Amino acid sequence: MGFQSPAALLLRLLLLQGVLRLVWGDLAFIPPFIRMSGPAVSASLVGDTEGVTVSLTVLQDEAGILPVPTCGMLSNETEDWSVTVTPGAKVLEVTVRWKRGLDWCSSNETDSFSESPCILQTLLVSASRNSPCLAHLLIQVEIYANSSLTHNASENVTVIPNQVYQPLGPCPCNLTAGACDVRCCCDQECSSNLTELFRLSCFTGVFGGDVSPPFDQLCSAGTTTHSVPDWFPFLCVQSPLANTPFLGYFYHGAVSPKQESSFEVYVDTDAKDFADFGYKQGDPIMTVKKAYFTIPQMSLTGQCMQNAPVAFLHNFDVKCVTDLEVYQERDGIINAKIKNVALGGTVTPKVIYEEATDLDKFITNRETPLNNRSAPRIVNVEEHYIFKWNNNTISDINVRIIRAEINAHQKGIMTQRFVVKFLSYNSGNEEELSGNPGYQLGKPVRALNTNRMNNVTTLYLWQSAGRGLCTSATFKPILFGEDVLSGCLLEVGINENCTQLRENAVERLDSLIQATHVAMRGNSDYTDLSDGWLEIIRVDAPDPGADPLAGSLNGICLDVPARLSIRILISDAGAVEGITQQEILGLETRFSSVNWQYQCGLTCEHKADLLPISASVQFIKIPAQLPRPLTRFQINYTEYDCNRNEVCWPQLLYPWTQYYQGEPHSQCVAKGLLLLLFLTLAMFLSNPWTRICKAYS
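Residues numbered from 1 in each chain as written. Predicted model: local features only at pLDDT ≥ 70, side-chain atom pairs only at ≥ 80, totals over all residues. Heavy atoms only, no water.

Under an unreviewed UniProt entry, the name given to the chain is Tectonic family member 2, and the source organism is Papio anubis. In the Sequence similarities (unreviewed entry) part of its UniProt record, the chain is described as follows: "Belongs to the tectonic family." The record in UniProt for the chain states the following under Subunit (unreviewed entry): "Part of the tectonic-like complex (also named B9 complex)." (UniProt positions renumbered as here; feature names shortened; annotations may be inferred.)

Right, dumping it as structure tokens:
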């Protein structure tokens, strides 16, 4: 049996010391040992950190023996290393950094890749109070020169090749300039010796450099497997390999640098008037000043476009986050007049104002200004627009604005909400259909609660904000066809009553499904229960009062309902004007329970723990009719199945089939008929045919 190395022995002693100090409540580094491969590492110093001094030293490993750690002559900075301490709540964050930077490694290494480390040292971080050492942190530094961080990209402008003749990115896995990317065999910056290390694990496909794969139906491609006979396909496509959709052969574009960088979204100021002959779905709504009627909307990049035109018959509900320091109120909509030539004039919005009751729902990170004597200002936190339409015109516009009064120098982040709904002119209320007759994707699932007077309702999910607590979570409707998972956090104490916890969890989950029936169709009548209304199937939650270990242990509760599964069965129920109509066949809610236990940190303190509860929605489609049965040929001759084999009869004459999309189908048919004509002429003019004609003559 041999002796252990000094570094391994010192590591074991430090680990044992750290564990014992945590148990005794003394100072300790977490973790006590770190293997460093980058420019900086961090560790936490826990315990009684008052008056503690942190210092750093480089241990000299002479003849394989590490010196005994002492706190006699230590400092917090050396020639190459520095240590910084960031105080926190009962903890100190200790960070050790390499002062020279990783560029120093690349400047000293002649080869782009070296098997030996550039920096190989052992560091000791010590914590002391009045000179005696209280805790140690051992850092084993092993940094290699070949790192993506050691090479800076060139400042030269990248030359974009002509995309007609060569790919824009011939090696997509080459992500780092001036360095070798591991497993990227097409990277020209990798030496042959380095490439041999990962040649068997190279990236495949387009990402690995195969940006112009040959098309399997090309005549020049040939067969790649032995299972395909040489006569298949009988007809092939003759095309050069350079003619590939991965190049820009089919589109001659131009590349020009952008002169200025801005996050503002461009809006066309040259408004095109569509209102003279009536609106169509998607047309922008115009004002009498021949300008777009705009409301802030969300773009595809997640930005809020302040001057986005409102499209006819397009509903939306968006939230925009704005810093109050740069916020500017939009021009008032009271004087806006919507152009409506078909009705012989204009439409003026009818605006009503409401005051916001709770500013914490709209403004976060608020800072109280020093000067509270300045005049207040009014901001709009919610704007709700209801457009009444009749055929291709707008007959009425109702606007409800929720505003708040804040200090003129108020700081914080404000969340604004903008809602636009288009309703038919003869609709008596704001309840809109979710389809006619079937459901439309993205429309709310209609529900009914027969246990109360105002029975119109819908199904909801949580929309958490801030810390994700259930007390501050808002609701969002369940949309048809969208599988969603949402949740929130319940604050639970160590002395929580298990029965009360179960009741609270069930109450939170039941608040999402305050309904007894769900609409089968998107236009089911709320006043007629027989018009396609289905009763919701509920699987009851466990009895909140049933506690097998009641009062036995604090901080442990069994069978707490924490998950609600909502499964909705849907199917296709025909078509209207070629559009498939979908309906709901049934809805089931089911609870799942978990065993909750209070989680302690280093010490069990009297603070609230968090219990996550969640709700999921799953739409399960039931086929309206049985799948088409397989033919006898498909059952017996599976080797000709196109989905499972290389050879399939439908692609025997590939250029004449609908699978070939390289040319218009009419041109393919014309070329095929011309080819057939040439074959017929060749057959008639052949030597055997002339002999037959002479024999009969």
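Now, onward.
Broken down by element type, the chain carries 7 helices and 29 strands. Looking at the chain residue by residue over its 697 residues, the buried ones come to 34%. For the chain, the computed accessible surface area is about 43,700 Å², with 54% contributed by carbon and sulfur atoms. (Helix = DSSP H or I, 4+ residues; strand = E, 2+ residues; numbered from the N terminus. Buried < 20%, exposed > 50% of the residue type's maximum accessible area, 1.4 Å probe, protein only. Areas by Shrake-Rupley, 256 points an atom, 1.4 Å probe, with all protein chains shown as cover.)

Turning our eyes to something else, we now look at the pattern of salt bridges. If you walk through the whole model with that rule in mind, you get 11 salt bridges. The salt bridge partner of R400 is E354, with a shortest N-O separation of 3.4 Å. Taken together, the residues R400 in strand β17 (residues 393-407) and E354 in strand β14 (residues 350-355) connect sequence positions 46 residues apart. Overall, the relative accessible area of 29% leaves R400 in the partly exposed class. The partner of R567 in a salt bridge is E588, and the shortest N-O contact between them spans 2.7 Å. You can see R567 sitting in strand β27 (residues 556-576) and its partner E588 sitting in strand β28 (residues 579-597), a full 21 residues away along the chain. In this structure R567 comes out as partly exposed when scored by relative accessible area, which is 37%. (Salt bridge = Lys/Arg side-chain N within 4 Å of Asp/Glu carboxyl O.)

All told, the structure shown has 7 disulfides when counted by the stated rule. Shown here is the disulfide that connects C171 with C186, its sulfur atoms set 2.0 Å apart. The chirality of the disulfide connecting C171 with C186 is right-handed, given an S-S dihedral of about 80°. Of this pair, C171 sits in the loop between β8 (133-143) and α3 (192-195) while C186 sits in the loop between β8 and α3, placing them 15 residues apart in sequence. Note on C171: relative accessible area 13%, which makes it buried. Covalent S-S linkage joins C173 and C184, the inter-sulfur distance amounting to 2.0 Å. Judged by the sign of its S-S torsion, about 75°, the bond between C173 and C184 is right-handed. (Disulfide = S-S within 2.5 Å.)

Attention now moves to unusual backbone geometry. Look at the link from I30 to P31: it is a cis peptide, with omega at -5°. With respect to the helices, strands and loops of the structure, P31 is situated in the loop between β1 (28-30) and β2 (33-36). Here K290, not a glycine, exhibits a phi torsion of approximately 55°, which is positive. Within the secondary structure layout, K290 lies in the loop between α3 and β9 (297-298). Its identity is not glycine, yet D559 carries a phi of approximately 55°, on the positive side. Mapped onto the elements, D559 comes out in strand β27. On the basis of relative accessible area, D559 is assigned to the partly exposed category, the value being 39%.

A few words now on the packing of aromatic side chains. In this structure the tally under the stated criterion is 10 aromatic pairs. Centroid distance F312 to F422: 5.8 Å. Interplanar angle 75°. Geometry classified as edge-to-face. Of this pair, F312 sits in the loop between β10 (304-305) and β11 (316-323) while F422 sits in strand β18 (residues 411-424); the two residues are 110 residues apart in sequence, bridging distant segments of the chain. Both residues of the pair, F312 and F422, count as buried. Here the aromatic rings of F480 and F619 are separated by 5.5 Å at their centres, their planes lie at 70°, and the arrangement is edge-to-face. In this pair, F480 sits in the loop between β22 (474-477) and β23 (484-492) while F619 sits in strand β29 (residues 609-621), placing the two residues 139 residues apart along the sequence. Summarising the burial analysis for this pair, F480 and F619 share the class buried. Through successive ring pairs, a cluster of aromatic residues spans Y279, F293, F312, Y385, F387 and F422. The ring of F203 has R183 lying over it, and the distance from NZ or CZ to the ring centre is 4.4 Å. Here the basic side chain of R403 rests over the ring of Y353, its NZ or CZ set 4.3 Å away from the ring centre. (Phe/Tyr/Trp six-rings, centres within 6.5 Å; stacked < 30°, edge-to-face > 60°. Lys NZ or Arg CZ within 6 Å of the ring centre and 35° of its normal.)

Attention now goes to the confidence of the model for the chain. For any part of a model where pLDDT is low, the fine detail of the predicted coordinates should not be relied upon. Considering every residue of the chain, the mean pLDDT works out to 75; 70% of them sit at 70 or more. Below pLDDT 50 for its whole length, residues 109-113 participates in 7 contacts with residues either more than four positions away or in separate chains. In this model, residues 248-269 is a region of pLDDT below 50 whose contacts with residues beyond four sequence positions or in other chains number 16 contacts. (pLDDT = per-residue confidence, 0-100. Contact = heavy atoms within 4.5 Å.)

Moving on, we come to the sheet that holds strand β3 (residues 40-46). Spatial ordering of the open sheet is given by β1-β3-β6-β5, a layout of 4 strands whose pairing is antiparallel. Of all strands in the sheet, those with a lone pairing partner are β1 and β5 (81-87), marking the two edges. Taking each pair of neighbouring strands and ignoring which way they run, the sheet shows an average axis angle of 30°. (Pairing = 2+ DSSP bridges. Axes fitted to C-alpha atoms, helices over the stretch in contact; angles between N-to-C directions.)

What follows concerns the sheet that holds strand β4 (residues 53-59). Either a parallel or an antiparallel arrangement is found when strands of a sheet pair, and the pairing is made through backbone hydrogen bonds. The 4 strands lie next to each other as β2-β8-β7-β4, forming an open sheet whose pairing is mixed. With one partner strand each, in any of the chains shown, β2 and β4 form the two edges of the open sheet. For this sheet the average axis-to-axis angle between neighbouring strands, irrespective of direction, equals 20°. Sheet topology note: the β2/β8 ladder contains 4 bridges and is parallel. Bridge pairing in β8 links R35 to Q140.

What follows is about the nonpolar core. Counting 47 residues, the largest nonpolar core has V445 and I584 as its most contacted members. Counting residues per element, this core draws most heavily on β27, at 7 residues. Apart from residues lying up to four places away in sequence, V445 is in contact with Y439, T458, L459, I478, L479, F480, V518, I584 and F619. F29, V54, L92 and L134 belong to the second-largest nonpolar core, a separate cluster that totals 27 residues. (Core = buried A, V, L, I, M, F, W, Y, C linked by side-chain atoms within 4.5 Å.)

A grouping of L674, L677, F678, L681, M683, F684, L685, W689, I692 and Y696 is seen on the molecular surface, where their side chains present a nonpolar patch of about 1,100 Å² in accessible area. Those elements that place two or more of their residues in the nonpolar patch are α6 (665-684) and α7 (687-696). Looking at the nonpolar patch, the element that brings in the most residues is α6, giving 6 residues. Take I692: it is sitting in helix α7. Exposure remark for I692: the relative accessible area of 42% places this residue in the partly exposed category. (Patch = residues over 30% accessible without salt bridge, like charges linked within 9 Å, V, L, I, M, F, W, Y side chains within 5 Å.)

What follows concerns the environment of R100. Note that R100 resides in the loop between β6 (91-98) and α2 (103-108). You can call R100 partly exposed: its relative accessible area is 37%. Here the alpha-carbon distance between R100 and P39, two residues 61 residues apart in the chain, equals 9.1 Å. In this view, R100 contacts E79 and D80; residues no more than four positions away in its chain are not counted.

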